[in-house]
Protein chains: 4
Amino acid sequence: MKKQFNTIGIIGKSQDPGIVKAIGEINLFCQKENLIVFLDEYTSSHTGITDIKTAHREDLGKQCDLVIVIGGDGTMLSAARTLCEYEVPLVGINLGRLGFLADISPSEAEDRLREILKGEYEVEERVLLSASIERNNKEIARCNALNDVVVHKWEVAHMIETDTYINGDFVHTHRSDGIITSTPTGSTAYALSGGGPIIQPGLEALVIVPICPHTLSNRPIAIKADSKIKITLSNTGRHKGQVTCDGRMLHELEIGDEVFIETNEHRLKLLHPKGHDYFQILRAKLHWAEHP
Amino acid sequence: MKKQFNTIGIIGKSQDPGIVKAIGEINLFCQKENLIVFLDEYTSSHTGITDIKTAHREDLGKQCDLVIVIGGDGTMLSAARTLCEYEVPLVGINLGRLGFLADISPSEAEDRLREILKGEYEVEERVLLSASIERNNKEIARCNALNDVVVHKWEVAHMIETDTYINGDFVHTHRSDGIITSTPTGSTAYALSGGGPIIQPGLEALVIVPICPHTLSNRPIAIKADSKIKITLSNTGRHKGQVTCDGRMLHELEIGDEVFIETNEHRLKLLHPKGHDYFQILRAKLHWAEHP
Amino acid sequence: MKKQFNTIGIIGKSQDPGIVKAIGEINLFCQKENLIVFLDEYTSSHTGITDIKTAHREDLGKQCDLVIVIGGDGTMLSAARTLCEYEVPLVGINLGRLGFLADISPSEAEDRLREILKGEYEVEERVLLSASIERNNKEIARCNALNDVVVHKWEVAHMIETDTYINGDFVHTHRSDGIITSTPTGSTAYALSGGGPIIQPGLEALVIVPICPHTLSNRPIAIKADSKIKITLSNTGRHKGQVTCDGRMLHELEIGDEVFIETNEHRLKLLHPKGHDYFQILRAKLHWAEHP
Amino acid sequence: MKKQFNTIGIIGKSQDPGIVKAIGEINLFCQKENLIVFLDEYTSSHTGITDIKTAHREDLGKQCDLVIVIGGDGTMLSAARTLCEYEVPLVGINLGRLGFLADISPSEAEDRLREILKGEYEVEERVLLSASIERNNKEIARCNALNDVVVHKWEVAHMIETDTYINGDFVHTHRSDGIITSTPTGSTAYALSGGGPIIQPGLEALVIVPICPHTLSNRPIAIKADSKIKITLSNTGRHKGQVTCDGRMLHELEIGDEVFIETNEHRLKLLHPKGHDYFQILRAKLHWAEHP
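Residues numbered from 1 in each chain as written. Chains lettered and ligands numbered in written order. Predicted model: local features only at pLDDT ≥ 70, side-chain atom pairs only at ≥ 80, totals over all residues. Heavy atoms only, no water.

Attention shifts here to the overall build of chain A. When you go through chain A residue by residue, the secondary structure sums to seven helices and 18 strands. Its C-alpha atoms give chain A a radius of gyration of 20 Å, near enough to 19 Å, the size a compact globule of 292 residues would have. In terms of overall dimensions, chain A has C-alpha extents of about 65 × 50 × 35 Å along its principal axes. Within the span of chain A, comprising 292 residues, buried residues form 60% of the whole. Sequence separation of at least 24 residues holds for 67% of the intrachain contacts in chain A that already meet a minimum separation of 6. Accessible area of chain A: about 11,600 Å², with a carbon and sulfur share of 46%. Positive and negative side-chain charges in chain A, numbering 31 and 40 respectively, have mean positions lying 1 Å apart. (Helix = DSSP H or I, 4+ residues; strand = E, 2+ residues; numbered from the N terminus. Rg over C-alpha atoms; globule rule 2.2 N^0.38 Å. Buried < 20%, exposed > 50% of the residue type's maximum accessible area, 1.4 Å probe, protein only. Contact = heavy atoms within 4.5 Å. Areas by Shrake-Rupley, 256 points an atom, 1.4 Å probe, with all protein chains shown as cover. Lys, Arg positive; Asp, Glu negative; His and termini not counted. Charge placed at Lys NZ, Arg CZ, Asp CG, Glu CD.)

Here we take up the state of the cysteines. Taken as a whole, this structure holds four disulfides over all chains when the rule is applied. A sulfur-sulfur distance of 1.8 Å marks the disulfide that ties C143 of chain B to C245 of chain B. Of the two residues, C143 of chain B sits in strand 7 (residues 138-145) while C245 of chain B sits in strand 16 (residues 241-245), which places them 102 residues apart along the sequence. Note on C143 of chain B: relative accessible area 13%, which makes it buried. Note on C84 of chain D: no disulfide assigned, nearest cysteine sulfur contributed by C143 of chain D at a separation of 11 Å. (Disulfide = S-S within 2.5 Å.)

The description of two packed helices rests on the angle between their axes and on the distance between the axes. All names here are of chain D. Relative orientation of the contacting elements helix 1 (residues 19-32) and helix 5 (residues 109-117) amounts to 40°, with a least axis distance of 11 Å. For helix 1 against helix 5, the interelement crossing comes out right-handed. Here helix 1 contributes E25, I26 and F29 to the contact with helix 5, which in turn contributes A109, E110, L113, R114 and L117. When the residues that make up the contact of helix 1 with helix 5 are grouped by side-chain class, the tally is five nonpolar, no polar and three charged. (Axes fitted to C-alpha atoms, helices over the stretch in contact; angles between N-to-C directions. Left-handed = near helix turned anticlockwise from the far one by under 90°. Nonpolar A, V, L, I, M, F, W, Y, C, P; charged D, E, K, R; others polar.)

Here we take up the sheet that holds strand 11 (residues 178-182) of chain B. Reading across from one edge, 12(A)-14(B)-13(B)-11(B)-8(B)-16(B)-17(B) is the order of the seven strands in this open sheet, with mixed pairing throughout. On the outer flanks of this sheet lie strand 12 (198-199) of chain A together with strand 17 (248-253) of chain B, each paired with one strand and no other. In terms of strand pairing, strand 12 of chain A meets strand 14 (residues 221-224) of chain B through two bridges, oriented parallel. Looking across to strand 14 of chain B, one finds that I199 of chain A is bridged to A222 of chain B. (Pairing = 2+ DSSP bridges.)

Time to look at the relation of the copies chain B and chain A. Least-squares fitting of chain B to chain A yields an RMSD of 0.0 Å, with the superposition described by an axial translation of 0.0 Å and a rotation of 180°. What the superposition gives is, in effect, a two-fold axis relating one chain to the other. If distances are taken from each C-alpha of chain B to the rotation axis, the shortest is found for P197 of chain B, at 3.2 Å. Of the residues that chain B buries at the interface, 100% are likewise interface residues in chain A, meaning the two copies contact each other through the same surface. (Least-squares fit on C-alpha atoms with pLDDT ≥ 70 in both.)

All names here are of chain A. Looking at chain A, the domain boundaries give domain 1 (7-120 + 274-286) and domain 2 (128-264). Relative to domain 2, the C-alpha centre of domain 1 lies at a distance of 30 Å. Tallying the contact residues gives ten residues for domain 1 and 15 residues for domain 2. Summed over both partners, the interface of domain 1 with domain 2 comes to about 1,000 Å²; 73% of that surface belongs to carbon and sulfur atoms. (Domains from an automatic or database assignment. Buried area = accessible area lost by both parts, 1.4 Å probe.)

Turning to a negative patch on the surface, a few remarks are in order. Together, E85, E87, E125 and E265 of chain A give the surface a local cluster of negative charge. With respect to the helices and strands, E265 of chain A occurs in strand 18 (residues 258-273). (Patch = residues over 30% accessible without salt bridge, like charges linked within 9 Å, V, L, I, M, F, W, Y side chains within 5 Å. Salt bridge = Lys/Arg side-chain N within 4 Å of Asp/Glu carboxyl O.)

Interfaces are frequently sized by the accessible area removed from exposure as the parts join. The interface of chain B with chain A comprises 39 residues on the first partner and 39 residues on the second. Taken over both partners, the interface formed by chain B and chain A buries close to 3,200 Å², and the fraction arising from carbon and sulfur atoms is 62%. For the pair chain B and chain A, the number of links is zero salt bridges. On the surface where chain B and chain A come into contact, there are 16 residue pairs in polar contact (both at pLDDT 80 or more). Looking at the side of chain B that touches chain A, the elements that each hand over two or more residues are strand 9 (160-166), strand 10 (169-176), strand 12 (198-199), strand 14 and helix 7 (278-285) of chain B. If one sorts the elements of the side of chain B that touches chain A by residue count, strand 10 of chain B sits on top with five residues. (Polar contact = N/O pair within 3.5 Å; in protein donor to acceptor, adjacent residues only side chain to side chain.)

Take the side chain of K153 of chain C next. Structurally, the position occupied by K153 of chain C is in strand 8 (residues 148-153). The exposure class of K153 of chain C is buried, given its relative accessible area of 7%. Only 3.1 Å separates the side chain of K153 of chain C from the side chain of D177 of chain C, close enough to count as a polar contact. Those residues in contact with K153 of chain C that lie beyond four places of it in its chain are V156 and Y190 of chain B together with H158, I160, D177, K240, G241 and Q242 of chain C.

Looking now at the sheet that holds strand 17 (residues 248-253) of chain D. Pairing within the open sheet is mixed, and its seven strands lie in the order 12(C)-14(D)-13(D)-11(D)-8(D)-16(D)-17(D). Of all the strands in the sheet, just strand 12 (198-199) of chain C together with strand 17 of chain D have a single pairing partner and so form its edges. Sheet analysis places strand 16 (residues 241-245) of chain D next to strand 17 of chain D, joined by five bridges and oriented antiparallel. Within strand 17 of chain D, the residue paired with Q242 of chain D across the bridge is E252 of chain D.

The structure is reproduced here in structure tokens:
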């Protein structure tokens, strides 16, 4: 039987003290399994690991059949944003702290990877967002996001006023600290702190969550994933704003700028060991008591 | 050109003082348009209207091309639960108070109906729920709901403990006043009071909303509309519960009883005049300020 | 030096399987300390403990210098409602599960009691509520509550409409599942599930918390503890209601009935070992992560 | 009878287009009443009004018996922060939009002022906050606030981690967008958007409200107004913060800095016309439906 995964990429969370050991173990495991391994160049240069052949992150996308991401959900977010367009599947191994995306613990990593290599896995597709900002009808910035695109106020002390449109229909004018547009993946991240609902990963939905809205009757709205969202800094407002993608600053926002948010044509392919249970992770992460 | 709508049913909110006049006007309009009209038998007997041919509600479903519902959202809910299986489209005319479903105001009713008769309308399909209760593996009750199925506590002063499963996967054990399973239609009704998100009508989703949950980290969860939900009164609990469909008592619940909730195979077909704008209704109903 | 506490009452949670052993140990400890002990008559008859002199609960209030309550917060609530008028201090020992009121664990009970007997304790006063219901200006029911007085709907599926007044000033008309009036003690109980704030026990405040309010902009209101609250079932509503005190049914409510709620003239005196830390209990009970 | 109010200060919202006319009318009214009037110097220089004697704002505090503030709640906040130490009473006249503090509408201003001058008024005292920041045990900044003192994150995309202490007792470690400490006055401002309760103005309480807390079980806590609050940027965090007083930037915050917040020794004295009704303003501002 021809093996499905022959060339493996490894991306690690460079700043974690345990990352060198963790990558070493996964690499050793891959060697034993006779797999070709490429280490992400950035990870290599920031960890000092020199005994694994390296490749630029985009090249991992082009050349690998599978990319193993070792770190936390942040490492997964970063890998997903870059690699989604290559449609290479990712598997996430955490460094001891359970993640929503990095859901395999180090102690079980080899067993789970062995199963995955044998074809015993489940594929889950996750929606990503594309955001672009237009000023005077010209695009001035663009980014991908796996969790969320957030239109924020610029200074902490000044609310912004935004107009939101879905597929061209006006939804509301908001005075708030900002507006989160979140994927199902992001619904357990910042959107949850902002009072948003949990969105099951397989649901083709986005959720728009106001941050500290001035109008008390505002509520999160879940909409179809194929919606085209437009958020503008209202002309009546006095203040600047800014846009972040997965918590990283994309660009500042002036009055009249338009932020366009829609689903990316590519999806993140996440591999999970058989029997993966989203609700179990949810219970563990949110400290929900299970049935005694 | 053959007309699309020839036989029209009328259902009215019997207990409203203005209903006789409102039905009379719609009937007169239909006569002028040379349409065959049947008045819902129950509406007839409770309003004393005798000059319109009557039909039993199920027969309206079988014989009519269109049913005009005059009243509030409650009248629409009731009509929808009965008529959904006949797939006859409904149009909702309110009695002066804008509804999410009964969204045509009396003053514009004739103009809007004339447009609809000419084929100038939009069809919107709404998901309904089917709920059944099993005791010792035998079904003891069953109902449809357009808004929500709620598992409630029995007495106000005693929380219930419930276990929730989605497609067989355990989700959580809850101590709460109850659990709402809501359609997008119901997301602006009781589920919203309970802290749930607004779900865009076209989104193929249900939302599970705990009522006053004892565990503070519990949050509403939006899931795929084709999910099979099971909620059981936990064996560790001491208390009885009850189930309502669209706010109507279905059956009491004993420890060990299982409530099964899933999407109905039939959808409600709602007709709207062209240019129908869900967000406008949302803004009006929730008192959201529009752009000045 | 004259001892402060010579006559000790014991009240236990009768239905707990470990209660006989727990009471036996406390009784033995008291004997060694040469204290006179009376066991609550109800506790005696429901546990079968016969080797301790018994007294009716009111007599515990009259004759004892200190009442030791063994059980959970529910046992404390019940003891407090009856004993508050005698101003006898209570100390709460739990049966293994930390309570907000029953905050001494069984393993440390003897050490803590020894300290208290030596005068090493802190006294905390807790506000109680008095509620009365008037129909046609005649009182038809009255009760005390340490946690909360709740005006509930009667049937789960029908909201009630209530008018709330504070010191005669109209506050709001509410459509909701009910309205909680809570003490600081009750602010970590049902009021918290309903979305209310935590009120520090020493703060002379009550909090009014709507349950699933129909008006989305309604919010909990904290008011002065010496306020006179009146809640009436609105004349425009169609439905009955009911009133509970600490989760126990007081009386049903008809349209026009008036519920009067105010602070009881007596306070509960709670004794805590020195170094008692409310916030530590809060962190433990609400699963707040402490500083690593 | 000796008049109580002889020397009147006027402070206006300089940037409002209607302010010159509004000040002119109030000045004319005062002239007719034979009162000595001083216009706030800053208001004078920013409006171009030259026909009223001016005084520096502090001198208004020293010389006036009453200060009339014309503008919105922001104008009142600013006046209160400066004038509170002089204990001169303020009365607030709005420019057409009802405020919580500027609660007299322009059309009724003369009638209400005439009543107040006759001694027909109610005095309300409002708590203010004092905040100071210490770095290496040295104070580096200090301010007053009538609404709130907020410890914010520095950059929108990075949560901060804070430790909160009340009277030296550790309360919690928080990961959030920030922490609001609000007076009753501020409870209807930013704290309300953040999910805090409404605090009745006369209640001697502060409320601590987390902004988008990472821990879902965190809740607002209402505490005694005489509490000493300390909030520190946690040593385990990586990020800077900042502190605002009534929405105005006070100082940036580094890891280890300590923010001390307590009630100011001075109170704001607000004069209201007889029959002032806080709950009426609440209903109007929050769009609560009144009894039909």
